[in-house]
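The residues making up each chain are set out below.
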Amino acid sequence: MLKSCELRIFLSTMKVLALILLLPCLYAEDEFYRDRNLVCFYNSDGVKLPIKDLALAVQFCTHLIYGYAGIRGDNYEAHSLNEELDIKNNHFTEVTSLKSKYPKLKVLLSVGGDRDIDEKHPNKYIELLEAGSESQKGFTKSALSLVKTYGFDGLDLAYQFPKNKPKEVHSTLGAALESVKKFFTGDSVVDSNAEKHKEQFISIAREVKDVLHPNGFLLSLTVLPNVNSTWYFDIPKLNGLVDFVNLATFDFLTPERNPEEADYTASLIGLTSQERLSHLNVLFQTDYWMKEFPVTKINLGISAYGNAWKLTDESGNTGKPIVHHTNGPAPAGPYTKKAGLLSYTEICTMLANVEDEIEKDVQSPIEAVNFGNYAYRPAKGSGHDGIWISYDDLDTIRHKAMHADPLLGGVALFNLEYDDFGGVCSGKKFPVLRTIRKELGLPLKWQD
Ligand SMILES: *[C@@H]1O[C@H](CO)[C@@H](O)[C@H](O)[C@H]1NC(C)=O
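Residues numbered from 1 in each chain as written. Predicted model: local features only at pLDDT ≥ 70, side-chain atom pairs only at ≥ 80, totals over all residues. Heavy atoms only, no water.

Within the secondary structure layout, Tyr 344 lies in helix H13 (residues 344–352). Between the C-alpha atom of Tyr 344 and that of Val 432, which follows or precedes it by 88 residues, the distance is 8.3 Å. Excluding anything up to four places from it in sequence, Tyr 344 contacts Ala 304, Tyr 305, Asp 392, Leu 394, Tyr 418, Asp 419, Asp 420, Cys 425, Pro 431 and Val 432. (Helix = DSSP H or I, 4+ residues; strand = E, 2+ residues; numbered from the N terminus. Contact = heavy atoms within 4.5 Å.)

This is the structure we're talking about:
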């Protein structure tokens, strides 16, 4: 018979044994999660997202990317684009301090994006590439200093390159003549020095990496919408320089760039009918990078907003894309306040509101998930302005995240403040973020 002390020893031995046996499982689980990225973009200058809601969201993100810092047009130094908020009101440190609650979270500062608009120096990002190593050192030093001073874990280069030319709308004959003209004049070339800029970008990225990595900081790259990776990124050479890449695979069409026709703006797979361009879809872009870059470092970009066009009487009543005779961006939404853009929250509110008479895409679900959803209200006779919105609903988002999950490193969500942070759509806060998180197989437990 065992004495009580012996029994205790026996039991504790069993516990240790059980722990040893379980350990590989726990470790394996951690391993499994480790490589899934959910990169959350946050733009401090957009829709006001209260810090308590941001704090709630970031427990679901592996990385938070704070947008945006810019570069100065005269000396190319990196600086805050909103010193009042970021520095005087301590928003930089308020955000980086979220790490004390969620120690695994990495917070990066993004430079560029489509926010660093500078009328006096519209090409400053290209000028920085050509500026020579003294100016580039100035950029690198100032960027490192921002990262260090405000407690960031690294830098994201959302580098501004010249964008693709938008597709022109012509009659068939006009289009044929136009393409012949282009062939001779080469006016589809947006940057005759693209090859040189591609090399120069590698040397800047190397320079930035060389100051960040020894200090333990991360460097990521964000490929902005309509920036052609073939022209600007030497993809094999970027491996080893950047820790991961976020592909902003949306806004393939926008009401500003394509005012006269509306179509799916972030289609997962390519639609080749109706003269659509074969590279303007998510699969083409991710496949393109996957060929030459480690797949676990590629994050598929999903936008939590839709693009909205104004419909005219000639646009017809069916809503079926491509919708012609549109008239540029639809009026701004109440929160996002930007013509032609509506957040997930704004769209769900419109769909729920009977007064708005907005109709959802009635096509078969499989088509909707592959190409994205649309919602619309014809102009004809409705007594309202006509509107056509391309957006990703939760099914489409699930489908995109499903595609990213086994194949890629993860998903980059643009941006947290467009998600339904108030829970007005379904009573649950951040439905877009949750949907992605669930599909990536990351734990969903929520701490309030
Ligand atoms: C870049 O543009 C060219 C010409 O329009 C196109 O063939 C190519 O697929 C594009 N590359 C990417 C990555 O989109």
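Let us look at the environment of Thr 286. With respect to the secondary-structure elements, Thr 286 resides in helix H12 (residues 282–290). Sequence-wise, Thr 286 and Gly 301 are 15 residues apart; in three dimensions their C-alpha atoms are separated by 9.7 Å. A distance of 3.2 Å separates a polar side-chain atom of Thr 286 from the backbone oxygen of Leu 283. (Polar contact = N/O pair within 3.5 Å; in protein donor to acceptor, adjacent residues only side chain to side chain.)

Relative to each other, helix H7 (residues 133–149) and helix H9 (residues 194–212) sit at 40°, their axes nearing to 10 Å. One finds that H7 runs oblique with respect to H9. In this structure, the crossing between H7 and H9 has a hand that is right-handed. From H7, Ser 133, Gln 136, Lys 137, Phe 139, Thr 140 and Leu 144 reach across to H9, where they touch Ile 204, Glu 207, Val 208, Val 211 and Leu 212. Here the contact of H7 with H9 is built from residues that sort into six nonpolar, three polar and two charged. (Axes fitted to C-alpha atoms, helices over the stretch in contact; angles between N-to-C directions. Parallel < 35°, antiparallel > 145°, perpendicular 65-115°, else oblique. Left-handed = near helix turned anticlockwise from the far one by under 90°. Nonpolar A, V, L, I, M, F, W, Y, C, P; charged D, E, K, R; others polar.)

As a further point, take H7. The terminal C-alpha atoms of H7 lie 24 Å apart, and with 17 residues this matches the ideal 24 Å at 1.5 Å per residue to within 8%. Phi turns positive one or two residues past the end of H7, at Gly 151, with a value near 80°. (Expected span 1.5 Å × (residues − 1).)

What follows is about the state of the cysteines. Under the definition given, this model contains two disulfides. Cys 40 shares a disulfide with Cys 61; S-S distance 2.1 Å. Because the torsion about its S-S bond is -95°, the bridge between Cys 40 and Cys 61 counts as left-handed. With Cys 40 in strand S1 (residues 37–43) and Cys 61 in the loop between helix H2 (51–58) and strand S2 (63–71), the pair connects residues that are 21 residues apart, well separated along the chain. Between the sulfur of Cys 348 and that of Cys 425 lies a disulfide, 1.9 Å long from S to S. Across the S-S bond linking Cys 348 and Cys 425, the dihedral sits near -95°, which makes this disulfide left-handed. Residue Cys 348 is found in helix H13, and its partner Cys 425 is found in the loop between strand S16 (410–414) and helix H16 (431–439); the two are separated by 77 residues along the sequence. Judged by its relative accessible area of 27%, Cys 425 falls in the partly exposed class. Taken in N- to C-terminal order, the disulfide-linked cysteines of the protein are connected 1-2, 3-4. (Disulfide = S-S within 2.5 Å. Buried < 20%, exposed > 50% of the residue type's maximum accessible area, 1.4 Å probe, protein only.)

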